[in-house]
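Geometric and topological summary
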Amino acid sequence: MSDQKGRREALSASIETYLDLIGEAEAVIAGKPYTKEEWDLSTILDVLAPPPLDLDSIDGANLRVLEAMVASCSKCRLCEGRTMTVFGEGSAPARVMVIGEGPGYEEDKSGRPFVGKAGEYLESWLKSIHLDRMQGVYIANIVKCRPPNNRDPQTDEREACMPYLLRQIQLVKPQLILLLGRTAAQTLLNTEQGVGALRGRYHRWQGIPVVVTYHPAAVLRNTAELRRPVWEDLKRVAAYLGIELGR
Ligand code: URA
């Protein structure tokens, strides 16, 4: 028997004894016979003595192991057309974790996130708030394989990839998450609302502050209208992180 299993069983027995004693005492006070109860102690045991982690599972993986799991993933049809998986890269822990939609042509070829035109533009956004993709920033996507012809990743594809991203966020421990575009925002925040409705305020995801903004590729297509709101969103990121931007 593993140490942790033995500890859980001993703890469970002690708690049961304690609860029985209380039950018996209450029965005596009430002048009623005591009937032994069945207790479900799994929740309290999970807190006091968490079950051992399965190191072969996503929940037990570190970033290196998780990346290897993604590299051999065939959980959805996107694996059929990929050249390379695009796991994500950057600093962990990170000040900011940037999450986009999914790899495009350049990313699929190189295995790195945001290295095409949209990536260059994203880098300029980060620079504008004194951040650098090589320092304090981690960049990932909702799906790790390129959807054919850059179409939106479908619901089942996003769902299949989500456990990887959730573990990745846990491991990267960002101070703030920046979601780029509709797919990233709707998937992580589990909403049908568009970027226009979601941007302009802080959200929270499992306690981590989240800022939503437009996808750089969308801004490149419509700079006149979207550049200013993106700048406002970036200032919100900087404000949270205590980055002084000057005037
Ligand atoms: N667009 C994305 O959403 N992600 C990338 O990695 C590249 C382009």
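Residues numbered from 1 in each chain as written. Predicted model: local features only at pLDDT ≥ 70, side-chain atom pairs only at ≥ 80, totals over all residues. Heavy atoms only, no water.

A short note on the packing of helix α3 (residues 63–71) against helix α7 (residues 155–172)
Using the following cut-off: Note on definitions: angles span 0 to 180 degrees between N-to-C directions of axes, and those axes are lines fitted to C-alpha atoms, for helices only across the stretch in contact. Numbering of helices and strands runs from the N terminus; a helix is a DSSP stretch of H or I covering at least four residues, while a strand is a stretch of E covering at least two. By definition in this entry, angles of less than 35 degrees are roughly parallel, angles greater than 145 are roughly antiparallel, angles of 65 to 115 are roughly perpendicular, and the rest are oblique. Crossing handedness: left-handed means the near helix sits turned counterclockwise from the far one by under a right angle, and right-handed means the same turn made clockwise. It only takes one pair of heavy atoms within 4.5 Å for two residues to be counted as in contact. Residues are sorted three ways: Asp, Glu, Lys and Arg are charged, Ala, Val, Leu, Ile, Met, Phe, Trp, Tyr, Cys and Pro are nonpolar, and all the rest, Gly among them, are polar.
Between α3 and α7, the shortest axis-to-axis distance is 10 Å and the interhelical angle comes to 165°. Taken together, α3 and α7 sit at an angle that is classed as roughly antiparallel. Pair α3 / α7 crosses with left-handed handedness. Here L63, L66, M69 and V70 of α3 come into contact with α7, specifically with Y164, R167, Q168, L171 and V172. Tallied by class, residues from the contact of α3 with α7 come to seven nonpolar, one polar and one charged.

What to know about the packing of α7 against helix α8 (residues 181–189)
For the pair α7 and α8, the least separation of the axes is 11 Å and the interaxial angle reads 80°. On the basis of their axis angle, the class for α7 and α8 is roughly perpendicular. Here α7 contributes R158, M162, L165, L166 and I169 to the contact with α8, which in turn contributes T183, T187 and L188. Broken down by class, the residue content of the contact of α7 with α8 amounts to five nonpolar, two polar and one charged.

Quick word on the pairing of strand β2 (residues 96–100)
Under the convention used in this document: Burial status follows relative accessibility: with a 1.4 Å probe on protein chains alone, a residue under 20% of its type maximum counts as buried, one over 50% as exposed, and anything between as partly exposed. A pair of strands is treated as paired once DSSP finds two or more bridges between them.
Counting buried positions along β2 yields five of five residues, so the element is predominantly enclosed. As judged from the five bridges shared by β2 and strand β3 (residues 137–141), these two strands associate in the parallel manner. If you follow M97 over to β3, its bridge partner there is Y138. Two strands pair when backbone bridges link them, and β2 and strand β4 (residues 176–180) are joined in this way by four bridges, in the parallel orientation. Bridging from a neighbouring strand, V96 pairs with L176 of β4.

A look at the pattern of salt bridges
Working definition: two side chains of opposite charge can pair if their charged atoms are close together. Quick note on the threshold: Salt bridges are counted wherever a side-chain nitrogen of Lys or Arg sits within 4 Å of a carboxyl oxygen of Asp or Glu.
Within this structure, the stated rule accounts for twelve salt bridges. Where D20 meets K36, a salt bridge forms, and the shortest distance between an N and an O atom there is 2.6 Å. Of this pair, D20 sits in helix α1 (residues 3–30) while K36 is found in the loop between α1 and α2 (42–48), placing the two residues 16 residues apart along the sequence. Linking R199 and D233 is a salt bridge whose minimum nitrogen-to-oxygen distance equals 2.9 Å. Of this pair, R199 sits in the loop between α9 (195–198) and β5 (203–205) while D233 sits in helix α11 (residues 223–241), placing them 34 residues apart in sequence. Sharing partners across several salt bridges, the network here consists of R77, R151, D156 and E157.

A short note on the nonpolar core
Stated precisely, the cut-off is as follows: In plain words, nonpolar cores are sets of buried Ala, Val, Leu, Ile, Met, Phe, Trp, Tyr and Cys residues tied together by side-chain atoms within 4.5 Å.
Counting residues in each nonpolar core, the largest one holds 62 residues, and the members touching the most others are V98, I99, L165, I169, I177 and L179. Ranked by the residues each element gives to this core, the list is headed by α7, at seven residues. Those residues within four positions of I99 in sequence are excluded, and the remaining contacts are A140, N141, I142, L165, I169, I177, L178, L179, L180 and A184.

Side note on the site of the ligand
Using the following cut-off: Working definition: residue near molecule or strand if any one of its non-hydrogen atoms lies within 4 Å of it. N or O atoms closer than or at 3.5 Å make up a polar contact, with two conditions inside protein: a donor-capable atom paired with an acceptor-capable one, and, for residues adjacent in sequence, both atoms drawn from side chains. We get accessible surface area from the Shrake-Rupley algorithm with a probe of 1.4 Å; when it comes to residues, only the shown protein chains can shield them.
By nearness alone, every residue bordering the ligand is listed as G100, E101, G102, E107, P113, F114, N141 and H215. Take E101: an N or O atom from its main chain is 2.8 Å from an oxygen atom of the ligand. F114 places a polar main-chain atom, nitrogen or oxygen, 3.0 Å from an oxygen atom of the ligand. In the complex, the protein chains occlude 92% of the 240 Å² of accessible area that the ligand would expose alone. Class assignment for the residues of the shell around the ligand results in two nonpolar, four polar and two charged.

Observations regarding the sheet that holds β4
To summarise the sheet geometry, strands pair through backbone hydrogen bonds and adopt either a parallel or an antiparallel arrangement. Taken together, the six strands give an open sheet; going across it, the order is β1-β3-β2-β4-β6-β5, and neighbouring strands pair in mixed fashion. The open sheet has two edge strands with one neighbour each: β1 (89–90) and β5. In this sheet, strand β6 (residues 208–213) lies alongside β4 in parallel orientation, the contact comprising four bridges. Residue pairing for β6: L179 is matched across the bridge by V212. Sitting on the sheet, α8 touches β2, β4, β5 and β6, and the angle it makes with β4 is about 130°.

Some remarks on the packing of aromatic side chains
What counts here: Each Phe, Tyr or Trp ring, with Trp reduced to its six-membered ring, pairs with another whose centre is within 6.5 Å; inter-plane angles below 30 degrees give stacked pairs, above 60 give edge-to-face pairs, and intermediate values give tilted ones. Ring-over charges, as used throughout, are those where CZ of Arg or NZ of Lys falls within 6 Å of the ring centre and within 35 degrees of the ring normal.
The full count for this structure, using the stated rule, is two aromatic pairs. Above the ring of Y202, the side-chain terminus of R236 is found at 5.3 Å from the ring centroid.

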